[in-house]
There are 2 protein chains.
Amino acid sequence: MPATIDPTAADGSDQASSTADRLLAGAADLFRRKGYAATTTRELSALLGIQNASLYYHMEKKEDLLYKLCVSTLDDVANELRACIAETSDPLEQLKLIMFRYTTVALRDRDRHATMLIEIRALSDERRNKIVELRDKNVAVVRRTIAAAQKAGQLRTDIKPKYLVLTMFNLLNWSIFWYRPDGELTPETIAGMMSSVFLDGAAAEAKSSGKKSIASKTVRP
Amino acid sequence: MPATIDPTAADGSDQASSTADRLLAGAADLFRRKGYAATTTRELSALLGIQNASLYYHMEKKEDLLYKLCVSTLDDVANELRACIAETSDPLEQLKLIMFRYTTVALRDRDRHATMLIEIRALSDERRNKIVELRDKNVAVVRRTIAAAQKAGQLRTDIKPKYLVLTMFNLLNWSIFWYRPDGELTPETIAGMMSSVFLDGAAAEAKSSGKKSIASKTVRP
DNA sequence: GTCTATATCGCGATAGAC
DNA sequence: GTCTATCGCGATATAGAC
């Protein structure tokens, strides 16, 4: 682990990222590892290799960093969802895309996603409400896709979309907290596994069942 | 919400719980709602209706509370798992019991379980290692049950037990963070839903499949 | 845009009476 | 076992030079 955040852009280009960008990336890193409240602005400035006071040129207060991280993360998810739905008109295919891309994106960017998921409580009432609203909008998009897939006879209908969407996010979100980039599971493998279990379940195939071949064909787009 | 913790025992008896017990319950409550680092000992003493200094008769430091909470929670889980496995010799039935009881117990006691799950990082290295060890032991028990169910032809074998157990806990654990006791879903309903999706999946039944009737019979023991 | 220096506050924890 | 009183530190944030 480097003592300071590498100023080189993550996309491999040699263009150095701005201090503002490095600040957000460093904050996400520390907030995920130590938690928002336990992370000090001193640690953050040390990670960036600047003085503590210099942080306050880029922000008004520590909470601003958390808020910005949450907003940008949820915006990214919203865009990802839009792209998935635009890609095909088949609801089940949309849902498979959503599960795959949401998982891989969230695992690749786990600092921001993990922080957004559990540090919402640290925000002021007003800001927290805004974030919850953004999050709920994203969930609603997936819920509607699930409802459409039910109507098309592609998903079981004994569980309401409202609850099926919770089940799906259970499966995807907790991965963000145990995933390790240096572990043996890649984001793609995890995404495929969760999608497969969500659609087909973990029980052994009944002899004459054609279910698995129907549901699992394109879990990995 | 009461301003102070009710000194009456939770089991309905009129026996007042000890200050030590109320301290742990209050700590779990605040730690889940605000996070460990963001919870002050002053808030805690106010919740109990005693002076801040009085806390230190019952503990050496704040971290002791977190550690005790984690240990007791994981011990409870270990006992629950043992009971589930003792109840039947059929691996799939054991697994269904485990999913049902783990979920209902964790949701009923979400203060302690949620705290244990995400505040482990706040512990000292030594204590954190101990907690992780306890947690891993519990996971290993479930992993072995899953392996046995695979051997018995009851669970799909294309995913290793090591990973199937992660999938199962994904499904169960994230519920702890969105469950609300005053919501419309009961712990039992959530447990049943998660068990059903874990075993059978969310995809619509293929016409001739007998899978669901095999796997779902006793999801709610 | 970053620096040195510092204000101000609230935190965890302790001392010692009762 | 709980109290009053307080210590000492480290936290966020600010002032003003460069």
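Student: I'd like a rundown of the overall build of chain A, residues and numbers included.
Tutor: When helices and strands are tallied, chain A shows 11 helices and zero strands. Each helix and strand of chain A, placed in order from N terminus to C terminus, yields the pattern α-α-α-α-α-α-α-α-α-α-α. For chain A, the proportion of its 221 residues judged to be buried stands at 50%. Across chain A, every contact between residues at least 6 apart in sequence was considered, and the portion connecting residues at least 24 apart equals 62%. Of the roughly 10400 Å² of accessible surface on chain A, 52% is carried by carbon and sulfur atoms.

Student: Outline the protein's contact with DNA strand D, listing residues and values.
Tutor: Taken together, 16 residues form the shell around DNA strand D, and within it Arg42 of chain A together with Gln51, Ser54, Tyr57 and His58 of chain B come nearest. What you see for DNA strand D is that sugar and phosphate hold 58% of its atoms within 4 Å of the protein. A distance of 3.0 Å separates a phosphate oxygen of DNA strand D from a polar atom in the backbone of Lys62 of chain A. Of all the secondary structure elements, the ones that give two or more residues to the surface near DNA strand D are helix H2 (41–48) of chain A together with helix H3 (55–58) of chain B. Split by residue class, the surface near DNA strand D holds five nonpolar, eight polar and three charged.

Student: Go over the relation of the copies chain B and chain A with me, naming the residues and quoting the values.
Tutor: Note on the copies: chain B fits chain A at an RMSD of 0.0 Å, the axial shift is 0.0 Å, and the rotation between them is 180 degrees. The transformation relating the two chain copies, once decomposed into turn and shift, fits a two-fold axis.

Student: Give a description of the interface of chain B and chain A that names residues and reports values.
Tutor: Across the contact, 51 residues belong to chain B and 51 residues belong to chain A. With both sides pooled, the region where chain B packs onto chain A buries about 4200 Å², and carbon together with sulfur makes up 62% of that total. For the pair chain B and chain A, the number of links is four salt bridges. Note that Glu184 of chain A and Lys162 of chain B form a salt bridge whose closest N and O atoms lie 2.4 Å from each other. Taken together, the elements giving at least two residues each to the side of chain B that touches chain A come down to helix H1 (19–34), helix H6 (110–118), helix H8 (161–173), helix H9 (175–178), helix H10 (187–200) and helix H11 (211–215) of chain B. Ranked by residue count, the leading element in the side of chain B that touches chain A is H8 of chain B, at nine residues.

Student: Run through the protein's contact with DNA strand C, naming residues and quoting values.
Tutor: With respect to spatial proximity, 16 residues lie near DNA strand C, and among them Gln51, Ser54, Tyr57 and His58 of chain A together with Thr41 of chain B are the closest. Sugar plus phosphate: this is where 54% of the atoms of DNA strand C within 4 Å of the protein reside. Within the side chain of His58 of chain A, one N or O atom sits 2.7 Å away from a phosphate oxygen of DNA strand C. Measuring from a phosphate oxygen of DNA strand C, one finds a backbone N or O atom of Lys62 of chain B at 3.0 Å. For the surface near DNA strand C, the secondary-structure elements that each account for two or more residues are helix H3 (55–58) of chain A together with helix H2 (41–48) of chain B. Partitioned by chemical class, the residues of the surface near DNA strand C number five nonpolar, eight polar and three charged.

Student: Just give me the short version of the pattern of salt bridges, but keep the residues and values in it.
Tutor: Tallying each qualifying case throughout the model produces 32 salt bridges over all chains. Ionic pairing is found between Glu119 of chain B and Arg121 of chain A, a salt bridge with its closest N-O pair at 3.3 Å. Placement of the pair is Glu119 of chain B in the loop between H6 and helix H7 (125–151) and Arg121 of chain A in the loop between helix H6 (110–118) and helix H7 (125–151), with the two residues belonging to separate chains. The class for Glu119 of chain B is buried, based on a relative accessible area of 5%.

Student: Talk me through the packing of aromatic side chains; I want residue IDs and the actual numbers.
Tutor: Residue and element names in this part refer to chain A. With the rule as written, the count across this model stands at nine aromatic pairs over all chains. Plain terms: the ring middles of Phe31 and Tyr36 are 5.1 Å apart, the flat faces sit at 75 degrees to each other, and that makes the pair edge-to-face. One Lys or Arg, Lys62, reaches over the ring of Tyr36 and ends 4.5 Å from the middle of that ring.

Student: Describe the packing of H7 of chain A against helix H8 (residues 161–173) of chain A, listing the residues and the values that go with them.
Tutor: For any two helices packed against each other, the geometry comes down to the angle between their axes and how far apart the axes lie. Residues and elements named next belong to chain A. As a packed pair, H7 and H8 sit with axes 9 Å apart at the nearest point and diverge in direction by 115 degrees. With respect to the hand of their crossing, H7 and H8 are arranged in right-handed fashion. On H8, the residues touching Val139, Val142, Arg143, Ile146, Ala147 and Gln150 of H7 are Pro161, Lys162, Leu164, Val165, Met168 and Phe169. Looking at the contact of H7 with H8, its residues break down into nine nonpolar, one polar and two charged.

Student: Quick one: what's the story with the side chain of Asn173 of chain B, residue by residue and with numbers?
Tutor: Along the chain, the position of Asn173 of chain B falls in helix H8. By relative accessible area, which is 4% here, Asn173 of chain B ends up buried. Reaching out from Asn173 of chain B, the side chain makes a polar contact with the side chain of Tyr102 of chain B at a distance of 2.5 Å. Discounting residues that sit within four places of it in the chain, Asn173 of chain B has contacts with Trp174 of chain A together with Tyr102 and Leu117 of chain B.

Student: Let's hear about the nonpolar core: which residues, and what values?
Tutor: By size, the foremost hydrophobic cluster in this structure holds 123 residues, and its most contacted members are Phe198 of chain A together with Phe198 of chain B. The residues touching Phe198 of chain B, leaving out its near neighbours within four places in the chain, are Val197, Gly201, Ala202 and Ala203 of chain A together with Leu95, Met99, Leu164, Thr167, Met168 and Leu171 of chain B.

Student: Outline the side chain of Ser45 of chain A, listing residues and values.
Tutor: All names here are of chain A. Among the secondary structure elements, Ser45 is positioned in helix H2. Classification of Ser45 by relative accessible area gives buried; the value is 4%. A polar side-chain atom of Ser45 sits 2.9 Å from the main-chain carbonyl oxygen of Arg42. In this structure Ser45 touches Ile50, Gln51, Asn52 and Leu55, once residues within four positions along its chain are discounted.

Student: How would you explain the confidence of the model for chain A if you had to name every residue and give the values?
Tutor: For chain A, mean pLDDT is 91; residues scoring 70 or higher make up 87% of the total. Scored below 50 in pLDDT, residues 207–218 of chain A shows 28 contacts in the model against residues more than four places distant or in partner chains.

Scoring rules and cut-offs
Residues numbered from 1 in each chain as written. Chains lettered and ligands numbered in written order. Predicted model: local features only at pLDDT ≥ 70, side-chain atom pairs only at ≥ 80, totals over all residues. Heavy atoms only, no water. Helix = DSSP H or I, 4+ residues; strand = E, 2+ residues; numbered from the N terminus. Buried < 20%, exposed > 50% of the residue type's maximum accessible area, 1.4 Å probe, protein only. Contact = heavy atoms within 4.5 Å. Areas by Shrake-Rupley, 256 points an atom, 1.4 Å probe, with all protein chains shown as cover. Near = heavy atom within 4 Å. Polar contact = N/O pair within 3.5 Å; in protein donor to acceptor, adjacent residues only side chain to side chain. Nonpolar A, V, L, I, M, F, W, Y, C, P; charged D, E, K, R; others polar. Least-squares fit on C-alpha atoms with pLDDT ≥ 70 in both. Buried area = accessible area lost by both parts, 1.4 Å probe. Salt bridge = Lys/Arg side-chain N within 4 Å of Asp/Glu carboxyl O. Phe/Tyr/Trp six-rings, centres within 6.5 Å; stacked < 30°, edge-to-face > 60°. Lys NZ or Arg CZ within 6 Å of the ring centre and 35° of its normal. Axes fitted to C-alpha atoms, helices over the stretch in contact; angles between N-to-C directions. Left-handed = near helix turned anticlockwise from the far one by under 90°. Core = buried A, V, L, I, M, F, W, Y, C linked by side-chain atoms within 4.5 Å. pLDDT = per-residue confidence, 0-100.

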